[in-house]
Amino acid sequence: MKLTIGAKLIGLLTGLTLIVLFVVLAAINQVFFSAINDDVVLDFTQLQSFIQLQQNLQYQRLVESAFLIGENSTFKANVELADPASVDVVVEQFAELTRTPLFVVTDRNGIVLSWFGEQDSTGANISHRPSIQRSLAGNDPDPNFKWPDIWAIENDLYQIVSVPVFSSFGVMGTITLGTPFENSDAMRLKRNTSLDVAFFLNKKLIAYSDSSVSENSYLELASKYSILSDSLINNLAISEPIDAKVNKEPVLAFISPLGSGENAYYFAYVNKARQFEILTLLQENILLIGITCVVIVIPLSIILSNLLAGPIKILTQAMLKVRKGDFTVSVKPKTRDEIGILTRTFNEMIQGLRERFALSKYVGDHTLEMIKKNEDIDLGSQATFKELTILFTDIRGSTKKIATSTPELFLEKLNRTLGKQADSVLKYSGSIDKYVGDSVIAIFAGTDSLESAIKASIEIQKEFKADKNLNSFFDGIGIGINYGQVILGNMGAKERMDYTIIGSQVNLCARLCSKAENGQILIPSNLITNYELDHPVSFSSIGEEVLKGFNEKIEISTVNYD
């Protein structure tokens, strides 16, 4: 028989409730109102515990996702650039992985760089929100929170987590992830206690568990106790039991805030008449129930506790490993209930993350963006003319090192050199098109693409010259830069294709790279005169040359960076 986690919780809570009722009825047989009060208080305590458990689980998921995203180098690079368009692309990618409806990224001043699904919110200042203020101050979320942070966005309410995004110079922005409060949350709470629940935001009903009660009845309730609810929210306190009416029927109720940061609370209540019926039935069967509870409920509670806590503990440990970057982790499902489903879903998610993480290393950012925008990808599709800046690099002296070095040593030096070059390209918003042996082909887009390519090239040369371990092994690096119209599209065969560039401007860039001496950066002189560059750098002409594949002489300049 398939036993759901809801059935386990109902069994545990029902058993504990029966024990409490038996003790109360045996001690004070005629004090019905006191018994009802104790019963409801216990249920409300269980309800609070369940809400806190759900909020803690939600917190764990959100904070782990936020920290993983915040440590991603591509994400941090885009946030540091403070370019909303670039951040939007990364946010959309991670939003699909984390499946969080609320995903907000700000800069170091609390200005929105990206709001998933809400592009009109870009540029908004949300530094007034307490969670953003804490993150901008460099503080991580408090794992021992009593009240979670909540945000109200229009008519929706979200439990959120905000974390800082750090650069080498300190906080450079924040990430906020959130999940909404919905009707399903109220129904889940109802299944685990005898209490009905209604959620309110700014005196408006947003979710409730009892569909037989009209919304107007709940709104009348909110209006009647508005002063009390405001006081509880301001002091983050829970009310004592109160006598109220829902649908004109007397109930015993509690009011409690849903979290910190918004005028939101929940109203939990139980029908008094229903409680009297249960209490009368328990009086008639007090001896049988008492013996049964003593014999069954205590060991049952222990068994159920182990069944619930064990899988959750294992799953939490696995999540902590993933948080540290271990994508090889896998958890074996031991049950067929919701925790078992959650475990299997977790394994599937990690498998997807592992595959995406591995594949992303083999393609450039421009290829990932093309794949994301197009569902059907065919040979020759997405072909277009593009005005791009192309950058070619070539490591000099690598061929002779192959003959005099071990394969392990050679690849270690080569990969370290190529890795530093790739870091510089990505730092200035470029994309690695491909690696060809000991060469790198990179492309830059946008109005400042030429300037970005020059900055990246200068950094590549300076990094190489500063690294004695590399410049003592290889002779140097030659770099060519060109700008112009190229064809960008899918090329190759149906079974294996590249999303890459081709054209005479690409060929010219390759020739410039071949001609460049160790430490040189060559660029067509006409690019210097045709485009204004903000970067403070000078150029020196080395004269006109006839390059292979070009009939006319081309005047070439070198970039002076020392």
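Residues numbered from 1 in each chain as written. Predicted model: local features only at pLDDT ≥ 70, side-chain atom pairs only at ≥ 80, totals over all residues. Heavy atoms only, no water.

K.L.:
Quick rundown of the side chain of Ser398? Include the residues and the values.
P.N.:
Assignment of secondary structure puts Ser398 in helix H13 (residues 398-404). Looking at Ser398, the relative accessible area reads 4%, which means it is buried. (Helix = DSSP H or I, 4+ residues; strand = E, 2+ residues; numbered from the N terminus. Buried < 20%, exposed > 50% of the residue type's maximum accessible area, 1.4 Å probe, protein only.)

K.L.:
Please provide a residue-by-residue account of empty space enclosed by the protein, values included.
P.N.:
Scanning the entire structure with this criterion turns up 3 cavities of 30 Å³ or more. Taken as a whole, the largest cavity encloses approximately 70 Å³ of empty space. Around the largest cavity, the lining residues are Pro311, Ile314, Val331, Lys332, Pro333, Lys334, Thr335, Ile339, Gly340 and Thr343. Listing elements by their share of the lining of the largest cavity, those giving two or more residues are helix H10 (286-323) and helix H11 (338-360). (1 Å grid on protein atoms, 1.4 Å probe; cavity = no way out; pocket = protein on both sides within 12 Å on 5 of 7 lines; lining within 4 Å. Points joined across faces, edges and corners; volume = space filled by probe spheres on them.)

K.L.:
So, a nonpolar patch on the surface: which residues are in play, and what are the values?
P.N.:
A contiguous nonpolar surface patch, about 290 Å² in accessible area, is contributed by Phe385, Ile487 and Ile502. Within the element layout of this structure, Phe385 appears in strand E11 (residues 384-396). (Patch = residues over 30% accessible without salt bridge, like charges linked within 9 Å, V, L, I, M, F, W, Y side chains within 5 Å. Areas by Shrake-Rupley, 256 points an atom, 1.4 Å probe, with all protein chains shown as cover. Salt bridge = Lys/Arg side-chain N within 4 Å of Asp/Glu carboxyl O.)

K.L.:
Quick one: what's the story with the environment of Gly178, residue by residue and with numbers?
P.N.:
With respect to the secondary-structure elements, Gly178 resides in strand E5 (residues 170-180). Overall, Gly178 belongs to the buried group, its relative accessible area being 0%. Taking the C-alpha atoms as reference points, Gly178 and Arg99, separated by 79 residues in sequence, lie 9.8 Å from one another. Ignoring any residue separated from it by four or fewer positions in sequence, one finds Gly178 in contact with Leu62, Thr100, Pro101, Leu102, Tyr158, Gln159 and Ile160. (Contact = heavy atoms within 4.5 Å.)

K.L.:
I'd love a proper account of the sheet that holds strand E9 (residues 249-257), names of residues and values included.
P.N.:
The strand order across the open sheet formed by 5 strands is E7-E6-E10-E9-E8, and the pairing between neighbours is antiparallel. The open sheet has two edge strands, strand E7 (204-208) and strand E8 (242-246), and neither has a second partner. Each neighbouring strand pair of the sheet contributes to a mean axis angle of 40°, computed without reference to strand direction. Alignment of strand E6 (residues 196-201) against strand E10 (residues 264-271), held across 6 bridges, turns out to be antiparallel. Across the sheet, the residue bridging to Val197 is Ala268, located in E10. Along the sheet, helix H8 (residues 226-235) contacts E8, E9 and E10; its crossing angle with E9, the most-contacted strand, is approximately 30°. (Pairing = 2+ DSSP bridges. Axes fitted to C-alpha atoms, helices over the stretch in contact; angles between N-to-C directions.)

K.L.:
Explain helix H14 (residues 407-427) residue by residue, including any values.
P.N.:
Relative to the 30 Å expected for 21 residues at 1.5 Å per residue, H14 spans 30 Å between its end C-alpha atoms, a close match to the ideal helical length. Along H14, the residues that are buried comprise Phe410, Lys413, Leu414, Thr417, Leu418, Gln421, Ala422, Ser424 and Val425. On an axial view of H14, the arc spanned by its buried residues comes to 165°, and they lie on one face. Residues Glu408 and Asp423 are exposed on H14 and point more than 90 degrees away from its buried face. Once H14 finishes, Ser429 follows within two positions and takes phi at roughly 65°, a positive value. (Expected span 1.5 Å × (residues − 1). Arc of directions from axis to C-beta.)

K.L.:
Describe a negative patch on the surface, naming the residues involved and giving the relevant values.
P.N.:
Taken together, the side chains of Glu118, Asp120, Glu154, Asp156 and Glu182 define an acidic patch exposed on the protein surface. With respect to the helices and strands, Glu154 occurs in the loop between strand E3 (149-153) and strand E4 (156-167). Glu154 sits in the exposed class, given a relative accessible area of 75%. (Lys, Arg positive; Asp, Glu negative; His and termini not counted. Charge placed at Lys NZ, Arg CZ, Asp CG, Glu CD.)

K.L.:
Tell me about helix H6 (residues 183-192), and please be specific about residues and values.
P.N.:
Inspection of H6 places Asp185, Ala186, Leu189 and Asn192 among the buried residues, and these make up the whole buried set. For H6, the buried positions fall inside an angular range of 125° around the axis, keeping them on one side.

K.L.:
Lay out the packing of aromatic side chains with the relevant residues and their values.
P.N.:
Summed over the entire model, instances satisfying the criterion amount to 11 aromatic pairs. Relative to Tyr266, the ring of Phe199 has its centre 6.4 Å away and its plane inclined at 65°; by these criteria the two rings are edge-to-face. Here Phe199 is found in strand E6, whereas its partner Tyr266 is found in strand E10, with 67 residues between them in sequence. Per residue, the accessibility class of Phe199 equals that of Tyr266, and both read buried. On the numbers, 4.9 Å between centres and 90° between planes, the contact of Phe473 with Phe474 is edge-to-face. Of the two residues examined, Phe473 and Phe474, each falls in the buried class. Taken together, the ring pairs connect Tyr208, Tyr218, Tyr225, Phe267 and Tyr269 into an aromatic cluster. (Phe/Tyr/Trp six-rings, centres within 6.5 Å; stacked < 30°, edge-to-face > 60°.)

K.L.:
Outline the sheet that holds E3, supporting the account with residue identities and numerical values.
P.N.:
Strand order in the open sheet made by the 5 strands is E2-E1-E5-E4-E3, with antiparallel pairing throughout. The outermost strands of the open sheet, each flanked by one partner alone, are strand E2 (112-115) and E3. Each strand axis lies, on average, 30° off the axis of its neighbour in the sheet, ignoring direction. With 5 bridges connecting them, E3 and E4 associate as antiparallel partners. Paired with Ala152 across the bridge in E4 is Leu157. Those strands touched by helix H4 (residues 84-98) are strand E1 (102-107) and E2, and its axis lies near 40° from that of E2.

K.L.:
How would you explain the pattern of salt bridges if you had to name every residue and give the values?
P.N.:
Under the counting rule described, the total for this entry stands at 12 salt bridges. One salt bridge connects Glu459 with Lys427, and the closest N-O pair in it is separated by 3.0 Å. Of the two residues, Glu459 is situated in helix H15 (residues 449-466) and Lys427 in helix H14; the sequence distance between them amounts to 32 residues. The closest approach of N and O atoms between Lys455 and Glu451, which form a salt bridge, is 3.4 Å.

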